[in-house]
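Architecture at a glance
What follows is each chain in one-letter form.
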Amino acid sequence: MSTTPRTLFEKIWSRHVVTEGAGGMSLLYIDRLLMHDGAVHTFDRLRKAGRAIRRPDAIAATADHYVPTATGPRGIADPAIRGMVTEMARHTADLRIPYFGPGDARQGIVHVMGPEQGFTLPGITLVCGDSHTATHGAFGCLAFGIGASELEHVLVTSCLWQRKPRAMRIRVEGARPPGVAAKDVILALIASISAAGGTGHVIEYAGAAIAAMSMDERMTVCNMSIEAGARAGMVAPDATTYAYLEGRPFAPAGAQWDAARAHWETLPSDEGAVFDAEVALDAATLAPTVTWGTSPQEALPITGRVPDPAETADPARRSAIERMLAYMGLAANTPLTAIKVDRVFIGSCTNSRLEDLRSAAAVVRGRRVVVPAWVVAGSGLIKRAAEAEGLDRIFREAGFEWREPGCSMCIGMNGDTGRPGERVASTSNRNFEGRQGKGVRTHLMSPAMAAAAAVTGRLTDVRALAGEAR
Amino acid sequence: MDPFTSVTAVAVPLDAVNIDTDRVIPARFLHKSRGPEYAGLLFHDVRFDEDGRERADFIMNQPAFRGARIIVAADNFGCGSSREHAVWALAAYGIRAVVAPSFGDIFFNNCFKIGVLPVVVPAETAAALRRQLHAMPGASITVDLEAQTVTGPDGVRIPFTVDPFRRQGLLRGEDEIALTLGHEATIAGFERRHADEEPWLTIERRA
């Protein structure tokens, strides 16, 4: 047995290499595949090519990108869009792939459904045709997003040719101050290392602040690894991970659970394991964070001001800031808390889990929204659990729309978009130009901060709101 | 997939950093099957106005750059969403190579599957190429995968490297799935061992 200390990533990687190709490419075995309605054309392409799906038993599927989230009958008017969902049901039925579609309480955002069902497990390789597959790394697995051709490749061969990424460790030490959420940690991290800071790397999040996080919080952090350029993020499995997984439908049970857990306990990075890059962040120094620009890296503490391009020496950076301010309709030096919003969206694979809804509801309770505001739970099961706690009543009484699960206004593929020029306080993951609809301006933040914006109509420091009368 | 050996063509400079795949092709078009109409979807919302007319201020709409088949970009081109549709749109439009200091990882991988070559050069080199292309609108450059060189408008050759596996795949226009299926016996052997070692991963299929 090797005595060289190894990282969590190295342990999972080396266990999945089937063979080595030319020039350092490895054929990597893929244990599990998640599919969503956006990938439905893949089935047709494979059928046309006469290629069989090698392991339908290693797949689970749902519909999230194209499903409507308005309450009431979930009909889809546009036949092309409707086909994305109905074809998904047909293909998965033909192949006997577990499919959680509209009408099934387990339906939800693919990165919410996988963990919720215990399909996501420590130590595995897991892929999905979606960049936010990084979310699943919260369980100590190697999970990454792939494109359509790679998806076909996995379906037919159960493998992918991959160049081994480098390993980066980000230690988040200290304790988060009140009002500072997991979302603030990851937004501050991306601002610190940049949207390309993790390119070519798999990030392992470690340190006391990560160890103290719940699974919902770890998923929020890992989810946005892609926004730092990394294909994957991961957290070593621990007691929190096992407590979450035990008893979930796809998780092992009985003697298999014990055997699995014994293996999982060998996975955390060894003392002295060497990473290609190390980053440190002190959680105690963080404040609630919002983005002001059109890249997730353009994030600042809510106490800050919109940057002034005139104060930037680098001409390329100056013109980038100018372009972002023009798109965002913002003037330099405006206090962030003076920015008015037109709409609020609480949802997405980043922040649509039960704890997210609880933290937003705690801010909303006894207050009224002053702009249109939506809550879109990550899955039917989360929606049901929130209703059992009475969270839906709190949101509804405050004037929120309490909608059906799906990706919704994070990406707007189902028609859930803002209007051109509208400014949205959003708990999603991308503030790119046009992401939430053509010309829509997105500010990313935590669920509590989005809730605060909904009741004040502007970007708001949730810590200041806490003391105010309801 | 179209093989790629060498392309000499008009190159268009895109100066912005972090050009994400949502910018390359907005999400509302992604339900469309891959086809020639993707050419009209490339950079749609920055390329066309509300009425579908070309925006004069978008560089690829300027006469000198119309025939561009190569893009010279800045850092982190193709970041964000995994949508391969971004590469489909580039390919349908006629783009065969993108030269940049860095790329989004998933976009980078997707490019090789479609036959669009992503070329990594140092940031200063990319910036110098973009300056030349702005100074000489419509100038051609050569991207030679066989020789692994980019030849700028000034005739200066810039070396780059592509890992041998992907280079060979592109030069031959190889079907990667067919190549992998050639390893089926190895994969099956691995799979049996892996299932013995981690039996808890086997999911019982319901009828």
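What you are looking at is a predicted structure, and each value in this text was computed from that prediction instead of being measured.

Moving on, we come to the overall build of chain A. Assigned secondary structure in chain A consists of 16 helices and 19 strands. By the compact-globule yardstick of 23 Å for 470 residues, chain A fits well, its C-alpha radius of gyration being 22 Å. Expressed as lengths along the three principal axes of its C-alpha atoms, the size of chain A is roughly 60 × 55 × 45 Å. Counting every position in chain A, which comprises 470 residues, the buried fraction comes to 59%. Considering only intrachain contacts with a sequence separation of at least 6, the fraction spanning at least 24 residues in chain A is 77%.

Let us look at the overall build of chain B. Assigned secondary structure in chain B consists of eight helices and seven strands. Dimensions along the principal axes, computed over C-alpha positions, put chain B at roughly 65 × 45 × 25 Å. In chain B, which comprises 207 residues, the proportion classed as buried is 41%.

A few words now on the domain arrangement of chain A. Size of an interface: often given as the accessible area lost when the parts come together. All names here are of chain A. Under the domain assignment, chain A is made up of domain 1 (8–278) and domain 2 (290–466). Taking the mean C-alpha position of each, domain 1 and domain 2 sit 24 Å from one another. Contacts between the two partners involve 40 residues from domain 1, matched on the other side by 38 residues from domain 2. Within the residue set of the side of domain 1 that touches domain 2, elements represented by two or more residues are α4 (110–116), α6 (182–193) and α8 (215–223). The biggest single contributor to the side of domain 1 that touches domain 2 is α6, with six residues. Split by residue class, the side of domain 1 that touches domain 2 holds 17 nonpolar, 13 polar and ten charged.

Our next topic: the interface of chain B and chain A. Opposite the 45 residues of chain B that make contact, chain A presents 60 residues. Elements represented by at least two residues in the side of chain B that touches chain A include exactly α1 (21–24), α4 (105–114), α6 (164–172), α7 (176–181) and α8 (184–197) of chain B. Ranked by residues supplied to the side of chain B that touches chain A, first place goes to α4(B) with five residues. The residue makeup of the side of chain B that touches chain A, split by class, is 17 nonpolar, 15 polar and 13 charged.

As a further point, take the environment of D44(A). As for its placement among the helices and strands, D44(A) is situated in helix α2 (residues 41–49). The sequence separation of D44(A) and E217(A) amounts to 173 residues, and the corresponding C-alpha distance is 37 Å.

Residue and element names in this part refer to chain A. Taken in spatial order, the three strands line up as β1-β2-β8 in an open sheet, and their pairing is antiparallel. Two strands close off the open sheet at either side, each with one partner strand: β1 (17–20) and β8 (159–163). Ignoring which end each strand starts from, the neighbouring axes of this sheet average 30° apart.

All right, on to α8(B) then. A rise of 1.5 Å per residue sets the reference length of α8(B), with its 14 residues, at 20 Å; its end C-alpha atoms lie 20 Å apart and thus fit the reference within 8%. Burial analysis of α8(B) places just one of its 14 residues in the buried class, which makes it a mostly uncovered element.

Residues and elements named next belong to chain A. Within the open sheet, the four strands sit side by side as β11-β10-β9-β12. Their pairing is parallel. With partners counted over all chains shown, the strands left at the sheet margins are β11 (232–234) and β12 (277–282), one partner each. Averaged over all adjacent pairs, the angle separating strand axes in this sheet is 20°, with direction ignored. Here strand β10 (residues 201–206) pairs with β11 via three bridges, running parallel. Its bridge partner lying in β11, E204 is registered against M234. Relative to the sheet, helix α1 (residues 8–15) contacts β9 (166–173), β10 and β11, its axis offset from that of β10 by approximately 135°.

Of all residues in chain B, 99% attain a pLDDT of 70 or more, and the chain-wide mean is 96. Under the prediction, the complex receives an ipTM of 0.96, its pTM being 0.97.

The next subject is the pairing of strand β15 (residues 343–346) of chain A. Residue and element names in this part refer to chain A. Side chains R343 and F345 of β15 all project onto a buried face; the interleaved residues V344 and I346 project onto the opposite face, where all are buried too. As defined by bridge partners, β15 adjoins strand β18 (residues 423–426) across three bridges and the pair is classed as parallel. In the strand pairing of β18, V344 is matched with A425. Here β15 pairs with strand β16 (residues 373–376) via three bridges, running parallel. When the bridges of β16 are listed, I346 appears paired with V375. The parallel pair β15 and β16, bridged by helix α12 (residues 354–364), forms a crossover whose chirality is right-handed.

The next subject is the nonpolar core. By size, the foremost hydrophobic cluster in this structure holds 210 residues, and its most contacted members are V344(A) and V99(B). The leading source of residues in this core is α6(A), at nine residues. Three or more residues apiece are contributed to this core by two domains, here domain 1 (8–278) and domain 2 (290–466) of chain A. Not counting the four nearest positions on each side in its chain, V344(A) is found in contact with V371(A), A373(A), V424(A), A425(A), A450(A), A453(A) and A454(A).

This part takes up the pairing of strand β7 (residues 142–145) of chain A. Residue and element names in this part refer to chain A. Alternating positions in β7 separate into two faces, L142 and F144 on one and A143 and G145 on the other, with burial throughout. Of the pairings in the sheet, the one linking strand β6 (residues 125–128) to β7 comprises four bridges and is parallel in character. Paired with T125 across the bridge in β7 is L142.

Attention now moves to the packing of α12(A) against helix α14 (residues 391–398) of chain A. Residues and elements named next belong to chain A. The contact between α12 and α14 brings their axes to 9 Å, and the two run at 45°. Taken together, the axes of α12 and α14 lie oblique to each other. Every pair of crossing elements has a handedness; the one defined by α12 and α14 is left-handed. Where α12 abuts α14, its residues L357, R358, A361 and V364 lie against L391, I394, F395 and A398. Across the contact of α12 with α14, the residue classes tally to seven nonpolar, no polar and one charged.

What counts and what doesn't
Residues numbered from 1 in each chain as written. Chains lettered and ligands numbered in written order. Predicted model: local features only at pLDDT ≥ 70, side-chain atom pairs only at ≥ 80, totals over all residues. Helix = DSSP H or I, 4+ residues; strand = E, 2+ residues; numbered from the N terminus. Rg over C-alpha atoms; globule rule 2.2 N^0.38 Å. Buried ≥ 20, exposed ≤ 12 C-beta atoms within 10 Å, placed from the backbone. Contact = placed C-beta atoms within 7 Å. Domains from an automatic or database assignment. Nonpolar A, V, L, I, M, F, W, Y, C, P; charged D, E, K, R; others polar. Pairing = 2+ DSSP bridges. Axes fitted to C-alpha atoms, helices over the stretch in contact; angles between N-to-C directions. Expected span 1.5 Å × (residues − 1). pLDDT = per-residue confidence, 0-100. Right-handed = clockwise from strand over helix to strand, strands pointing away. Core = buried A, V, L, I, M, F, W, Y, C linked by C-beta atoms within 7 Å. Parallel < 35°, antiparallel > 145°, perpendicular 65-115°, else oblique. Left-handed = near helix turned anticlockwise from the far one by under 90°.

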